[in-house]
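Close look at the chain arrangement
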Amino acid sequence: RQDITNKKPKDGNDDITIEYINNENDFQEVTFDFLEPDDKFYLTLKQLLRKTFCFVNWNFDSVLQMICNQKDFGIFLGVEDDETPEENIIYAVLTILNLQRLQNIGFLPQLRDFLLSRCDEQAVQFLNNSVFSDCASNGLLVNERVLNLPYVVVPCIFQQLMEDKRFFEEEAEATDEEKAEFMFKFLLYFTVGVYKTEDGAVKDNGLSGLVFSKAEDEKFMQKALVVQKIALPVTEEYALVFMVLKYDDFINFAHKCVA
């Protein structure tokens, strides 16, 4: 199954026009659209996720395709232009992929091996006993956006995902089995932090020394059941942070974000 046939129709007014100060300190007006995931955004999605998922050197194309195909639960923020497809660009993505689906496409086994070889003993025990032992009840949270996206847009992204959740649970003609795919217990989450430099040198102060481009990442880290820092091959300035979140904590944050 790729999507529910009676997906909530997108409102023609589902866009955001904002005025913000650009890098040249000039006011600039930008209109963003909330877009249903679609494979025509595949290339820009790949570019958007390449930093956070740079550690993946196996079967990531199938994950990107899954994100594009999951129209019933997922949000793209971008600009859609049917006349010039090369200008179809997305600036943010927020979605959750069921781990059992990732298992079915052959992505999860190597992700599991990657994590189990880099996490501490306590985290490994939790992952084995509570996450990988029940893949169908857990998910991979994908939350990414361009660095210069104005934060005023962010609550609207979470609001749109919560509307997808509400519609899917209350109005869509989905079976109980289909709905169960999005009733998660825990979420795996990856994000990238950057260390501040002092006199041109990177100062590694552990997790407390990382600065995140997405403000919610600090809140997620405070609530996370598992937090692990993983060195990235890109540069010593960056570090990959892996977390395990309770799904309920993520939902509570999303509701507070849009309240």
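Scroll up to find the structure this text is about.
Residues numbered from 1 in each chain as written. Predicted model: local features only at pLDDT ≥ 70, side-chain atom pairs only at ≥ 80, totals over all residues. Heavy atoms only, no water.

Quick word on the nonpolar core
For clarity, the threshold we go by: Take the buried Ala, Val, Leu, Ile, Met, Phe, Trp, Tyr and Cys residues and link them wherever side-chain atoms come within 4.5 Å; each set so joined is a nonpolar core. Working definition: with a 1.4 Å probe on protein chains only, accessible area under 20% of the residue-type maximum means buried, over 50% means exposed, and in between means partly exposed. Note on conventions: DSSP H or I runs of at least 4 residues are helices, E runs of at least 2 residues are strands, and numbering of each starts at the N terminus. Working rule for contacts: check all heavy atoms of both residues, and any pair within 4.5 Å makes them a contact.
Leu115, Leu188 and Phe242 are the most contacted members of the largest nonpolar core, which has 45 residues in total. No other element matches helix H2 (residues 60-69), which puts six residues into this core. Not counting residues within four places of it along the chain, the set of residues in contact with Leu115 comprises Leu127, Phe132, Leu188, Phe190 and Phe242. Counting residues in hydrophobic clusters, the runner-up holds 39 residues, among them Ile75, Ala92, Ala224 and Met243.

Re helix H1 (residues 42-49)
Put simply, the rule reads: The arc in question is the one spanned by the directions pointing from the helix axis to the C-beta atoms.
Burial in H1 covers these residues: Tyr42, Thr44, Leu45, Leu48 and Leu49. Projected down its long axis, H1 carries its buried residues within an arc of 165°, all on one side. Among the structural elements, H2, strand E3 (74-79), strand E4 (89-98) and strand E5 (138-145) are those in contact with the buried residues of H1.

What to know about a positive patch on the surface
Our working rule: Like-charged residues are merged into a patch within 9 Å and nonpolar side chains (Val, Leu, Ile, Met, Phe, Trp, Tyr) within 5 Å, provided each residue has over 30% relative accessible area and no salt bridge. Areas reported here follow the Shrake-Rupley algorithm with a probe of radius 1.4 Å; residue values treat only the protein chains shown as occluding. Salt bridge, as applied in this entry: a Lys or Arg side-chain nitrogen positioned within 4 Å of an Asp or Glu carboxyl oxygen. Two residue types count as positive, namely Lys and Arg, and two as negative, namely Asp and Glu; His and chain ends fall outside the count. For this purpose, a charge sits on NZ of Lys, CZ of Arg, CG of Asp or CD of Glu.
Judged by side-chain charge, Lys219, Lys223, Lys246 and Lys256 come together as a positively charged surface patch. Inspection of the secondary structure assignment puts Lys246 in strand E11 (residues 238-246).

Describing the pattern of salt bridges
A side chain with one charge may pair with a side chain of the opposite charge, provided their charged atoms come close. For the structure on display, the rule yields eleven salt bridges. Close ionic contact of Glu216 with Arg145 constitutes a salt bridge, the shortest N to O distance being 2.8 Å. Taken as a pair, Glu216 in helix H8 (residues 216-223) and Arg145 in strand E5 lie far apart in primary sequence, 71 residues in all. You can call Glu216 buried: its relative accessible area is 1%. One salt bridge connects Lys214 with Asp217, and the closest N-O pair in it is separated by 3.3 Å. Accessibility classification places Lys214 together with Asp217 in one group, the buried group. Among the charged side chains, a network of salt bridges with common partners joins Glu163, Arg166, Glu170 and Glu171.

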